[in-house]
Every structure is written in structure tokens, then in C-alpha cells.
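# Observations on the model geometry
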Amino acid sequence: MLAPDLTFTQRMLVWSVVVLTLARWVMGGVLDITPGEALLVEWGRHPGLAGYEGGWGAAFLTLPGTMLFGKTAFGVRCLVPLMAAGATWGLYRLVRGATGEKQAAWAVCLLNLTPVFNHAAVFYRPELVAVCLQLCGMAALWRALRRASAWDWHWALAGLSFG
């Protein structure tokens, strides 16, 4: 068994996110690269502080995939489904800590049913990086505030996530 201490809802959410991530990898590898993605790849090769499409961090996130898989559609987008899964995890942790597990499951389902989120989870859009970091940062900030310790590692994680 994967993790016997998980509840039924948590197991279903984990398997749903795994299946969605695999489907997004397949779709991302099949569809052609958009002009914005091509611009980010070139900007990652020749870095600068400002650019036309997204920030410099978004351009650098294309480098690991293009180094491993080449300048293919899958190489450009290989980290995108992982960022979508990270955003889903951050939302789940934030809502579960604030309201409960049932509401967190519904929030995750609604996020992953949103067409804009699914588009950003297949095509490489810089907004997904911001959404992932903001949701994970809010979840870390919530945990840090709940613990009320000045030396908790969640403070540093929230600071890194917010930039």
C-alpha cells in the first residue's frame, strides 16, 4: 500500500493528481511549442533581468528540461505539470489547515477543473510559477502563524516562496 495512514479522501486526491500529472505530461509532449514558450527558451539561453514574457525565473525553469530532453515540446514543459501538482498541494494544505479536509478536497477539485489552470498546467505560462509559489507560500505562512514560534522553518519557506 502507498501510505496506509492516509484517509480515503487523501488517497483519492493523490491518485487523481498523479493521473492528471501524467495526462498533462502526455499532452504537453504532443502539442507544439507556442511563440511565448519559444521566447522563454531563448531568454533562458541568453538571460537578462527583464523580458517580454514573464520574469527571469520563469525563463530559467525551462533550462533543466531543455538540457535533459532537448528543445522539444516535452523538454520545455516537463516541469509544468509538477508545478501544477505543487500548486494543488499548496492549496490543499492551506485550505485543510484553515477549514478542514472536506473543504480542501473540494477546493482542489475546483482548482483542477478550472480551464485556465488546466491550460497553464499544459502550456508553459509564467503565471503558473507565480500561482504555485504563492499558494505554497500562503500554506507555509499559515503553518508558521499556527505554530507561533519565531524559529519555525515555515517562516523561511514562506519568505522564499514570496520572493
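Once a new chain begins, its residue numbering starts again from 1 and follows that chain's sequence as written. The predicted origin of the model limits local features to residues at a pLDDT of at least 70 and limits the giving and counting of side-chain atom pairs to 80 or more, whereas totals for whole chains, interfaces and linings rest on all residues. Think of the side-chain values as coming from all heavy atoms in the structure, minus any hydrogens and water.

### Re the pattern of salt bridges
Quick note on the threshold: Just to be clear on terms, a salt bridge is a Lys or Arg side-chain nitrogen sitting within 4 Å of an Asp or Glu carboxyl oxygen. Under the scheme used here, helices are H or I runs from DSSP no shorter than 4 residues and strands are E runs no shorter than 2 residues, and both carry numbers assigned from the N terminus. Burial classification: accessible surface area is computed with a 1.4 Å probe over protein chains only, and a residue below 20% of its type maximum counts as buried, one above 50% as exposed, and the rest as partly exposed.
Evaluated as defined, the whole model comprises two salt bridges. The salt bridge partner of Arg77 is Glu37, with a shortest N-O separation of 2.7 Å. Residue Arg77 is located in helix 5 (residues 73-77), and its partner Glu37 is located in helix 2 (residues 35-45); the two are separated by 40 residues in the primary sequence. You can call Arg77 buried: its relative accessible area is 2%. Between Arg125 and Glu127 there is a salt bridge, and its shortest N-O distance comes to 3.2 Å.

### Some thoughts on the layout of surface pockets
Short version of the rule: Note on definitions: the grid is 1 Å and covers protein atoms alone; a cavity is a set of points where a 1.4 Å probe fits but cannot get out; a pocket is an open set with protein on both sides within 12 Å along at least five of seven lines; lining residues have an atom within 4 Å of a point. Grid points are joined across faces, edges and corners, and a volume is the space filled by probe spheres set on the points. Lys, Arg, Asp and Glu make up the charged group, whereas Ala, Val, Leu, Ile, Met, Phe, Trp, Tyr, Cys and Pro make up the nonpolar group; the residues left over, Gly among them, are polar.
Its volume calculated, the largest pocket comes out at about 260 Å³. For the largest pocket, the lining is made up of 13 residues, of which Gln10, Leu13, Val14, Trp89 and Tyr92 are closest to its centre. Going through the elements one at a time, helix 1 (8-30) and helix 6 (80-98) are the ones with two or more residues in the lining of the largest pocket. Per-element accounting of the lining of the largest pocket gives the leading share, six residues, to helix 6. Of the residues belonging to the lining of the largest pocket, the class tally is nine nonpolar, two polar and two charged. Reported here for the second largest pocket is a volume of approximately 180 Å³. Forming the walls of the second largest pocket are Leu111, Thr114, Val116, Phe117, His119, Ala120, Arg125, Glu127, Leu128 and Val131. Elements that contribute at least two residues to the lining of the second largest pocket include exactly helix 8 (115-122) and helix 9 (126-147). Among the elements that make up the lining of the second largest pocket, the one with the highest residue count is helix 8 (four residues). Split by residue class, the lining of the second largest pocket holds six nonpolar, two polar and two charged.

In short, geometric facts, not functional conclusions.
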